[in-house]
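Each chain, written out:
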Amino acid sequence: MIFTGGCQCGAVRYTVEVDALVGYACHCRECQKQSASAFGMSVPVREEDFVLTGETLVWSRPTDSGGITDCHFCPKCGSRVFHSGRGGRAWITVKGGSFDELGAIPLVANIWVKRKASWIDLPEGLPQWETQPQSLEEWKDLLGWAA
Ligand SMILES: [Zn+2]
Ligand SMILES: [Zn+2]
């Protein structure tokens, strides 16, 4: 399948050609601030499968685990498009709402639900974690990450 997306103004566009993608919602304060909404949605994509056109600017922030996340956004409209780590990590997370057809990407988990807005009801049966995923194996399984 070919997934496409981009920023709000269209100056930054991307294509991802893979069999399938999945996403997860994060209700932490960083994601609420980042999205200026109730939660952030992340879609993990292998860096090598991500083809970007247009320039992004980067704002970096430290993570809980002691690393640094580079947050890429459109210099014209300010939309956050994707996040990448450092140290040769092979995966980036693309911001869910930037995809042209978000409905084609199933949601597989909610994380940081202890911070979620009280008026959001999470679906029964979908994996959720109070904070970060506690089971790395289950997490990798959900996202389709090879160990
Ligand atoms: Zn833009
Ligand atoms: Zn978050």
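What comes next concerns the included structure.

What counts and how
Residues numbered from 1 in each chain as written. Chains lettered and ligands numbered in written order. Predicted model: local features only at pLDDT ≥ 70, side-chain atom pairs only at ≥ 80, totals over all residues. Heavy atoms only, no water. Donors = N, O, S within 2.8 Å, 3.2 Å for Na, K, Ca; no water. Tetrahedral: all angles 85-135°; square planar, octahedral: opposite > 155°, others 65-115°. Buried < 20%, exposed > 50% of the residue type's maximum accessible area, 1.4 Å probe, protein only. Pairing = 2+ DSSP bridges. Helix = DSSP H or I, 4+ residues; strand = E, 2+ residues; numbered from the N terminus. Axes fitted to C-alpha atoms, helices over the stretch in contact; angles between N-to-C directions. Contact = heavy atoms within 4.5 Å.

1. Focus: the coordination of the zinc ion (ligand 1)
Protein-derived coordination of the zinc ion (ligand 1) comes from C7 (SG), C9 (SG), C74 (SG) and C77 (SG), at a distance range of 2.3 Å. In this structure, the zinc ion (ligand 1) is coordinated by four donor atoms arranged in tetrahedral fashion, with angles at the metal of 107 to 113 degrees. Of note, the donors binding the zinc ion (ligand 1) are all from one chain and are spaced C-x1-C-x64-C-x2-C. Owing to a relative accessible area of 9%, C7 belongs among the buried residues under this scheme.

2. As for the sheet that holds strand 10 (residues 107-111)
Ordered by their spatial adjacency, seven strands build an open sheet running 6-7-8-9-4-3-10, and the pairing between neighbours is mixed. A single partner strand is all that each edge strand has here, and the edge strands are strand 6 (57-62) and strand 10. Adjacent strand axes in the sheet meet at a mean angle of 30 degrees when their direction is disregarded. Where strand 7 (residues 68-73) lies against strand 8 (residues 80-84), four bridges are found, and the strand directions are antiparallel. Of the residues in strand 8, the one forming a bridge with C71 is H83. Each of strand 3 (23-26), strand 4 (40-46) and strand 10 is contacted by helix 2 (residues 136-143), which is oriented at about 145 degrees to strand 10, the strand it contacts most.

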